[in-house]
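Coordinates in review
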Amino acid sequence: MMSEDIQETIPGRIIVAPQVLRDIVHQTLAQIPGVARLAQARVGPWSLSGGVRVTMVADRVRIDVALVMRPDVPFREVARQVQEEVARAIRDLTGLEVAAVNVLIADVEVEERGPSPASGSSGRA
């Protein structure tokens, strides 16, 4: 029978692969209303793999995300929620400290409505 006050420490390291962190970010973003999707290509100075960059800085993780937002949401509030939820998920699931979650709003999702009458396409031959 083990006593509750006895702790056993096992030497070694636990390493979380960057892809696991990216997957956590993807899953977290899918739960946040207002985020349409991740921006997939290079955005300005940001070179992101699938819209997410993970960097380790002195045993802390920095996450950069480039987002495409829905047009009917307050961008600033959604971006703050992204920062909070991504940081919480990384901390809770991996135990890593989060140095920063940087959010770049790269685009706004626009509905495809087809050619407008003002575009000169009347549909007549």
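Described in the following lines is the structure provided in the data block. (Residues numbered from 1 in each chain as written. Predicted model: local features only at pLDDT ≥ 70, side-chain atom pairs only at ≥ 80, totals over all residues. Heavy atoms only, no water.)

Here the largest pocket defines a volume of roughly 210 Å³. Arg 13, Ile 14, Ile 15, Val 16, Pro 18, Leu 21, Val 54, Thr 55, Met 56, Asp 59 and Leu 96 are the residues that line the largest pocket. Looking at which element gives the most residues to the lining of the largest pocket, the answer is strand β2 (residues 52-57), with three residues. Residues of the lining of the largest pocket, tallied by class, amount to eight nonpolar, one polar and two charged. (1 Å grid on protein atoms, 1.4 Å probe; cavity = no way out; pocket = protein on both sides within 12 Å on 5 of 7 lines; lining within 4 Å. Points joined across faces, edges and corners; volume = space filled by probe spheres on them. Helix = DSSP H or I, 4+ residues; strand = E, 2+ residues; numbered from the N terminus. Nonpolar A, V, L, I, M, F, W, Y, C, P; charged D, E, K, R; others polar.)

The next thing to look at is the pattern of salt bridges. Tallying each qualifying case throughout the model produces six salt bridges. As a salt-bridge pair, Asp 64 and Arg 62 come within 3.3 Å of each other at their nearest N and O atoms. Note on Arg 62: relative accessible area 27%, which makes it partly exposed. For Arg 70, the salt bridge goes to Glu 109, with nearest N and O atoms at 3.0 Å. Of this pair, Arg 70 sits in the loop between β3 (60-69) and α2 (75-94) while Glu 109 sits in the segment after β4 (97-108), placing them 39 residues apart in sequence. Classification of Arg 70 as partly exposed rests on a relative accessible area of 33%. Where salt bridges share partners, they join Arg 37, Arg 70 and Glu 109 into one cluster. (Salt bridge = Lys/Arg side-chain N within 4 Å of Asp/Glu carboxyl O. Buried < 20%, exposed > 50% of the residue type's maximum accessible area, 1.4 Å probe, protein only.)

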